[in-house]
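# Tertiary structure, described
Residues per chain are reported as follows:
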Amino acid sequence: MNITKNITWVLAVLLGTVFTSCNSNDDFGSQAIEIPGITIDGDIDCCSAEEALQVYRFLQTVKIIPELSTVVDGQYNVFAYSKTGSFHTGYNEIFFVATKKKNGNYIKNFNIDGLSPLMLMVKMNMKHSTPVGGKAESFNKDYLAVKRTWVSFVMNSSEAGSWTLGYNVSVLGNKGGIEAKDIVVDALPEGQQWLKSFKVGDDTYYLSLVNPIDWQTGKNTITAYVSKKNTPATTPYGLAEQQFSIEIDPRMPDMGNHTSPDNVALTRQADGSYQGTVNLTMTGRWRIHLAIKDAQGNVVAGGDDLTDGFSSIYWEVTI
């Protein structure tokens, strides 16, 4: 065996140990990788050893969601992850990974779609959905075996209502998924409000702010999604086709409502998200007041619609 092949084989064996450790707490009967003279590179459905190591490292930054993990055709494990292993109101990223049960190898060729969150409102005896991302996609060239999508919950679980979540999966042409699993959606801490709604005519839209928990003092890229409520309301709310722009006015309500300079309005990007810049000059609680404009530049929601001169539509972020 030449030096290159020997290094690859050693890396594959090390990865085998890593995969076993990674999946040892799941309920799907995963086994240790056995490599009888075959490296991970020899598995045509799998990542290279180097790619697999990158995936493993990424998975150390997230936590598994056991209730959303499943088995497909008795041959493949599908694992779901979020940053905390749980859900909260507003925007949540969900990551998916598929592995072969017989050896733990990661698989690139799998698809996740049909994300279907549903809330049962107990007293009203009605159901509704919430904003979702589309088909899960690889989000980074280093993580081709990790698929990502998102869901933005309009309210938390409580005695008044409970959530279920399901999705469809296809692994190497074998179909499966989860129809509807009970999940818990926690309320965000005080000083955090990441989802707001507004109406234009008879239509309801939702503004989902992406991961402001990662912000720091100074300039931050601000990303959001605009989703449109569906009819019937039990159908997941996809991205709005209408194009808007979102003016932002960050204020500190605990510090005399002072603002900050050099903020840039959010405009729609090629991927359907909205991006701009928010400048937070100090730590504390910020209300990011919003004025939503249509494609012609007319303010259709928010703006100066309160007696105090601030928008009634705002995200709230504490850094």
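Above this note sits the structure.
Quantities reported herein were computed from a predicted structural model and do not represent experimental measurements. (Residues numbered from 1 in each chain as written. Predicted model: local features only at pLDDT ≥ 70, side-chain atom pairs only at ≥ 80, totals over all residues. Heavy atoms only, no water.)

### A closer look at the overall build of the protein
Of regular secondary structure, the protein possesses two helices and 22 strands. Looking at the 319 residues of the protein, the share that counts as buried comes to 48%. Expressed as a percentage of contacts within the protein between residues at least 6 apart in sequence, the contacts between residues at least 24 apart total 62%. Counting only carbon and sulfur atoms, one obtains 49% of the accessible surface of the protein, whose full area is about 15400 Å². (Helix = DSSP H or I, 4+ residues; strand = E, 2+ residues; numbered from the N terminus. Buried < 20%, exposed > 50% of the residue type's maximum accessible area, 1.4 Å probe, protein only. Contact = heavy atoms within 4.5 Å. Areas by Shrake-Rupley, 256 points an atom, 1.4 Å probe, with all protein chains shown as cover.)

### What to know about the pattern of salt bridges
All chains considered together, the criterion is met by nine salt bridges. For Lys83, the salt bridge identified is with Asp214, shortest N-O distance 3.1 Å. Of the two residues, Lys83 is situated in the loop between strand E3 (76–82) and strand E4 (87–88) and Asp214 in the loop between strand E15 (203–209) and strand E16 (218–228); the sequence distance between them amounts to 131 residues. Judged by its relative accessible area of 39%, Lys83 falls in the partly exposed class. Between Arg285 and Glu316 there is a salt bridge, with its nearest N and O atoms 2.8 Å apart. Note that Arg285 is positioned in strand E20 (residues 285–293) and Glu316 in strand E22 (residues 314–318), a separation of 31 residues in sequence. (Salt bridge = Lys/Arg side-chain N within 4 Å of Asp/Glu carboxyl O.)

### Describing the nonpolar core
In terms of nonpolar packing, the biggest core is built from 28 residues, with Leu68, Val78, Phe87, Tyr167 and Val171 touching the most fellow members. At the level of elements, E3, strand E5 (90–100), strand E6 (110–113), strand E7 (118–121), strand E10 (147–153), strand E11 (161–171) and strand E12 (174–183) are the ones that each hand at least two residues to this core. Per-element tally for this core: the top contributor is E11, with five residues. Ignoring sequence-local partners within four residues, the contact set of Val171 consists of Val72, Tyr76, Val78, Ala98, Ile107, Asn109 and Phe110. Listed in part, the 27 residues of the second largest apolar core include Trp215, Ile222, Leu266 and Trp315. (Core = buried A, V, L, I, M, F, W, Y, C linked by side-chain atoms within 4.5 Å.)

It is worth stressing that arrangement in space is one thing and function is another; only the former is reported here.
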